[in-house]
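These are the residues of each chain, in order.
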Amino acid sequence: FGDLKTLDMLIAALSLVMVGVGIYTRFRLAGFYKNGPMMLNVTYAGGMVINLVYFIGINSILPSYVLESMNTTSYISSMAMSLAMIFANWKYFKNREHLFTK
């Protein structure tokens, strides 16, 4: 499965980008900058996109008999959790937008 190595390298590169976004987000939230809450949602959305890319990629690379033994609900539940966190953080920071003024 040579394509699987390529997919894994792509996901690793995307994950490294998300590390940078996460560090940037941490400083934006700690400094109470206006874009801090939005960056947190971007971080969650980025994780969701990475899971979606990996899920689609692995389904297109691996044969069906291998996919039957995999637990695909973990990918779906991870994406659902990211979506729930985006919604929860949106509501949470909407009530505290007066704090993020820089």
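Scroll up to find the structure this text is about.
Since the structure is predicted, the reported quantities are computational estimates derived from the model, not experimental observations.

J.: Give a description of the packing of helix H1 (residues 2-30) against helix H2 (residues 36-61) that names residues and reports values.
T.: Running from amino to carboxyl end, H1 crosses H2 at an angle of 175°, the nearest separation of the two axes being 9 Å. One element, H1, and the other, H2, form an angle in the roughly antiparallel class. Classifying every residue of the contact of H1 with H2 by side-chain character gives 18 nonpolar, 8 polar and 3 charged.

J.: So, the layout of surface pockets: which residues are in play, and what are the values?
T.: Size it by volume and the largest pocket reaches roughly 160 Å³. Lining the largest pocket we find Lys34, Pro37, Met38, Asn41, Asn89, Trp90, Phe93, Lys94, Glu97 and Phe100. Taken together, the elements giving at least two residues each to the lining of the largest pocket come down to H2 and helix H4 (73-94). Looking at the lining of the largest pocket element by element, the count peaks at 4 residues for H4.

J.: Would you mind going over the packing of H2 against H4 in detail, with residue names and values included?
T.: Relative orientation of the contacting elements H2 and H4 amounts to 170°, with a least axis distance of 9 Å. By the angle between their directions, the pair H2 and H4 is classed as roughly antiparallel. Each of Pro37, Leu40, Asn41, Tyr44, Ala45, Met48, Asn51, Leu52, Tyr54 and Phe55 in H2 lies in contact with H4, whose residues at this interface are Tyr75, Ser78, Met79, Ser82, Leu83, Met85, Ile86, Asn89, Trp90 and Phe93.

Reading the values: the criteria
Residues numbered from 1 in each chain as written. Predicted model: local features only at pLDDT ≥ 70, side-chain atom pairs only at ≥ 80, totals over all residues. Heavy atoms only, no water. Axes fitted to C-alpha atoms, helices over the stretch in contact; angles between N-to-C directions. Helix = DSSP H or I, 4+ residues; strand = E, 2+ residues; numbered from the N terminus. Parallel < 35°, antiparallel > 145°, perpendicular 65-115°, else oblique. Nonpolar A, V, L, I, M, F, W, Y, C, P; charged D, E, K, R; others polar. 1 Å grid on protein atoms, 1.4 Å probe; cavity = no way out; pocket = protein on both sides within 12 Å on 5 of 7 lines; lining within 4 Å. Points joined across faces, edges and corners; volume = space filled by probe spheres on them. Contact = heavy atoms within 4.5 Å.

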